[in-house]
Amino acid sequence: MIPFNKPFIIGNELKYIEDAVKSGKISGDGIFTKKCQDFFQAKYSFPKVLLTTSCTDALEMAAILCDIKEGDEVIVPSYTFVSSANAFALRGAKIIFADSYSDNPNVDPESIEKLITPKTKAIVPVHYAGIACDMEKILNLAKMHNLFVIEDAAQAIDSYYTFSNGTKKALGSIGHFAAFSFHETKNIIAGEGGMLVINHPEYFERAEIIREKGTNRSAFFRGEVNKYGWVDIGSSFLPSEIIAAFLFAQLEHLDTIQEKRKQIWENYYYSLQDLDNNKLIKLPKIPNYATNNGHMFYIVCNSYEERSSLINHMKSKEIHPVFHYLSLNKSEYYLKNNDLFEMPNSDKFTDCLLRLPFYYELSAEEQYKIIDTIKEYAKN
Ligand SMILES: *Cc1c(COP(=O)(O)O)cnc(C)c1O
């Protein structure tokens, strides 16, 4: 059976966990947490990084930092993971769903623009498959209406956006805040894990406080205050050193991981290109302003029925492809308080997008088995 995903170990993961245990400190914010945060700040020019226990937690921290409250509206793509919306719903915001482009699951800035009202407080672009949203357009809308931009960069490690003046910036460094994931299905893994990127210094201190249960404990450990206490709302968003140790071992091999993943992606892409030329499926499109970080390989089938029968065919050959999001505007929770409406592009990706098995240890042989199975199916 070729699974959809397989977690992997690439270097010193187990040794570093042992080192952390032997060091006598495995709660949060020890040596490995600092090493990971420093790594990201240096490599991607992120002004400040805080490791969290998940991307979901990082999004919840961002919602608190934006002071989202009841009555606020937050614009989120309909085609995304629940956490992109849930983090803001938890603070009482009304979630307003925007649609994808017709040929790219990312949110269409024109769809966002139509939804902005005086109550809008934030926009949450999600870089689907690690491919950048059109951030220049989104930033312009945000500036014009004084809105926060929170990048859901869960899938977007090591990917970039190029502005029209030629400036190239890492995804996660563009909005006010960004949330990344190290869940076992992402490029760089720690089991469960995430990080919040804070791009404006005025939020650094409050972010530390929110992450430490609403206390100024981080400042206390740095010797900046002589006692610590309850100063704000917050929760326990910091991961243990065991998670950070695992993560740091992966980071030491980030370039190798990325190179391998991009190779897998390109092999899928070039091997399946004639099916796209013959309009049997559609392959992902990477806009000129975006880079590919080899996070995911998806195809778009012509219909729900074609996707279902392709899934069945692949499963009969012991290959496990997986479809992805169900439009959030049609979710059970949203429909409890809102009317049903159509979101044509998001609905199309809900019905027709299919993700192929993709993991670091996927062998060339396994990849050709997957490619041949799809081609053989398409012929019939
Ligand atoms: C994986 C993912 C998340 C959630 O990440 P966790 O670390 O599991 O909380 C959120 N948004 C998107 C777009 C994701 O792909």
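Up top is the structure these notes are about.
Remember, it's a predicted structure, so these values are computed and weren't measured experimentally.

This part takes up empty space enclosed by the protein. Empty pockets left among the atoms are what a rolling probe the size of a water molecule brings to light. Enumeration over the complete set of coordinates arrives at one cavity of 30 Å³ or more. For the largest cavity, the calculated volume is near 40 Å³. If you trace the largest cavity, you find it lined by Glu 205, Glu 208, Ile 209, Thr 215, Asn 216, Arg 217, Ser 218, Ala 219 and Arg 222. Its residues assigned to classes, the lining of the largest cavity comprises two nonpolar, three polar and four charged.

What follows concerns the packing of aromatic side chains. One pass over the structure, following the stated rule, counts 27 aromatic pairs. The interplanar angle of 25° and the centroid separation of 4.9 Å between the aromatic rings of Phe 8 and Tyr 360 together place this pair among those described as stacked. Pair noted here: Phe 8 is in the segment before α1 (13–22) and Tyr 360 is in the loop between β12 (353–355) and α15 (364–379), with a separation of 352 residues, a long-range link. Ring geometry for Phe 32 against Phe 248: centres 6.4 Å apart, planes inclined by 50°, an arrangement best described as tilted. You can see Phe 32 sitting in helix α2 (residues 31–44) and its partner Phe 248 sitting in helix α9 (residues 241–251), a full 216 residues away along the chain.

Okay, helix α10 (residues 254–271) next. Taking 1.5 Å of rise per residue, 18 residues should cover 26 Å, and α10 covers 26 Å from first to last C-alpha, within 8% of that figure. The elements touched by buried residues of α10 are α2, α9, α11 (273–277) and α15.

Moving on to the pattern of salt bridges. Scanning the entire structure with this criterion turns up 17 salt bridges. Note that Glu 208 and Arg 222 form a salt bridge whose closest N and O atoms lie 2.9 Å from each other. With a gap of 14 residues between them, Glu 208 in helix α7 (residues 204–211) and Arg 222 in the loop between α8 (217–221) and α9 connect regions that are remote in the sequence. The buried category is assigned to Glu 208, whose relative accessible area is 8%. Its relative accessible area of 45% is what places Arg 222 among the partly exposed residues. Taken together, the salt bridges that share partners define one network made up of Lys 48, Glu 208, Arg 222 and Glu 224.

Glancing now at the sheet that holds strand β11 (residues 298–301). Whether parallel or antiparallel, the strands of a sheet pair through hydrogen bonds between backbone atoms. Taken in spatial order, the three strands of this open sheet run β10-β11-β12, and their pairing is antiparallel. Only two strands of the sheet have a single neighbouring strand rather than two, namely β10 (281–282) and β12. Sheet analysis places β10 next to β11, joined by two bridges and oriented antiparallel. By the bridge assignment for β11, Lys 282 is matched with Val 300. Contacts between helix α12 (residues 304–316) and the sheet are confined to β11 and β12, with β12 contributing the most and set at about 20° to the helix. Seen against the sheet, helix α14 (residues 344–352) touches β11 and β12 and runs at an angle of roughly 45° to β12.

Let's shift gears to a nonpolar patch on the surface. A contiguous nonpolar patch, built from Val 21, Ile 26 and Ile 242 and spanning about 220 Å² of accessible area, is present on the exposed surface. With respect to the secondary-structure elements, Ile 242 resides in helix α9. By relative accessible area, Ile 242 is classed as partly exposed at 31%.

Time to look at the sheet that holds strand β9 (residues 194–198). Pairing within the open sheet is mixed, and its seven strands lie in the order β1-β9-β8-β5-β4-β2-β3. Strands at the two margins of the open sheet, each flanked by one partner only, are β1 (48–52) and β3 (94–98). Neighbouring strand axes in the sheet, compared pairwise and without regard to direction, differ in orientation by 25° on average. Bridge count between β1 and β9: five bridges; the pairing is antiparallel.

Analysis parameters
Residues numbered from 1 in each chain as written. Predicted model: local features only at pLDDT ≥ 70, side-chain atom pairs only at ≥ 80, totals over all residues. Heavy atoms only, no water. 1 Å grid on protein atoms, 1.4 Å probe; cavity = no way out; pocket = protein on both sides within 12 Å on 5 of 7 lines; lining within 4 Å. Points joined across faces, edges and corners; volume = space filled by probe spheres on them. Nonpolar A, V, L, I, M, F, W, Y, C, P; charged D, E, K, R; others polar. Phe/Tyr/Trp six-rings, centres within 6.5 Å; stacked < 30°, edge-to-face > 60°. Helix = DSSP H or I, 4+ residues; strand = E, 2+ residues; numbered from the N terminus. Expected span 1.5 Å × (residues − 1). Contact = heavy atoms within 4.5 Å. Salt bridge = Lys/Arg side-chain N within 4 Å of Asp/Glu carboxyl O. Buried < 20%, exposed > 50% of the residue type's maximum accessible area, 1.4 Å probe, protein only. Pairing = 2+ DSSP bridges. Axes fitted to C-alpha atoms, helices over the stretch in contact; angles between N-to-C directions. Patch = residues over 30% accessible without salt bridge, like charges linked within 9 Å, V, L, I, M, F, W, Y side chains within 5 Å. Areas by Shrake-Rupley, 256 points an atom, 1.4 Å probe, with all protein chains shown as cover.

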